[in-house]
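# Structural overview for review
Listed below, chain by chain, are the residues.
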Amino acid sequence: QVQLVESGGGLVQAGGSLRLSCAASGSIGDINAMGWYRQAPGKQRELVAGITSGDSTNYADSVKGRFTISRDNAKNTVYLQINSLKTEDTAVYYCNFRMRVRKDTTYDYWGQGTQVTVSS
């Protein structure tokens, strides 16, 4: 069983910063990619940032220049540095590990979610 544990969320004022962490434990296999998603009230879950095993990154247009995703392979941990927070960033943030279980087949594991609330 793979477990992803998130931390770092909280209540901050607009313009502030947060750093989210997500560490995986258990039967860790071949990690294909890691990412961060968020879900705001009344909205669908959306991809915020992703990073591949080759360190290629991608970001949603709404967070480019403000969010930075990084990883530590030795610790099986992915991070999300969030700067210049806006009220629109308020959401539950979920980390994701995409692991290869078979050739050309992957499975997604999810963290429990951490609340980020931005006040004005």
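From a predicted model like this one, the values you see are computed outputs, not experimental measurements.

This part covers the state of the cysteines. When the sulfur atoms of two cysteines share a covalent bond, that bond is a disulfide. Across all of its chains, the model carries one disulfide by this definition. A sulfur-sulfur separation of 1.9 Å characterises the disulfide bridge that pairs C22 with C95. Negative torsions about the S-S bond denote left-handed disulfides, and the value of about 50° found for C22 with C95 makes this one right-handed. With C22 in strand β3 (residues 18–26) and C95 in strand β9 (residues 91–102), this residue pair connects regions lying 73 residues apart in the sequence. The exposure class of C95 is buried, given its relative accessible area of 0%.

The next subject is the packing of aromatic side chains. Tallied over the full model, the rule gives two aromatic pairs. Plain terms: the ring middles of Y37 and W110 are 4.9 Å apart, the flat faces sit at 65° to each other, and that makes the pair edge-to-face. Within this pair, whereas Y37 is found in strand β4 (residues 30–39), its partner W110 is found in strand β10 (residues 105–110), the two being separated by 73 residues in sequence. The class for Y37 is buried, based on a relative accessible area of 17%. A residue is classified by how much of its surface remains accessible, and W110, at 34% relative accessible area, is partly exposed. An angle of 65° between the planes, with centres 4.9 Å apart, marks the rings of Y107 and Y109 as edge-to-face. You can call Y107 partly exposed: its relative accessible area is 47%.

Each value, and the rule that gives it
The written sequence of each chain sets the order in which its residues are numbered from 1. In keeping with the model being predicted, local features are shown solely for residues with a pLDDT of at least 70 and side-chain atom pairs are shown and tallied solely at 80 or more, while totals for entire chains, interfaces and linings include all residues. Each side-chain value is derived from all of the structure's non-hydrogen atoms; neither hydrogens nor water enter the calculation. The disulfide definition used here is simple: a pair of cysteine sulfur atoms within 2.5 Å. Numbered from the N terminus, helices here are DSSP runs of H or I no shorter than four residues, and strands are runs of E no shorter than two. Partly exposed describes any residue whose relative accessible area lies between the buried limit of under 20% and the exposed limit of over 50%, with all areas from a 1.4 Å probe on protein chains only and scaled to the type maximum. Pairing of aromatic side chains here covers Phe, Tyr and the six-membered ring of Trp, requires ring centres within 6.5 Å, and sorts the geometry by plane angle: under 30 degrees stacked, over 60 edge-to-face, intermediate tilted.

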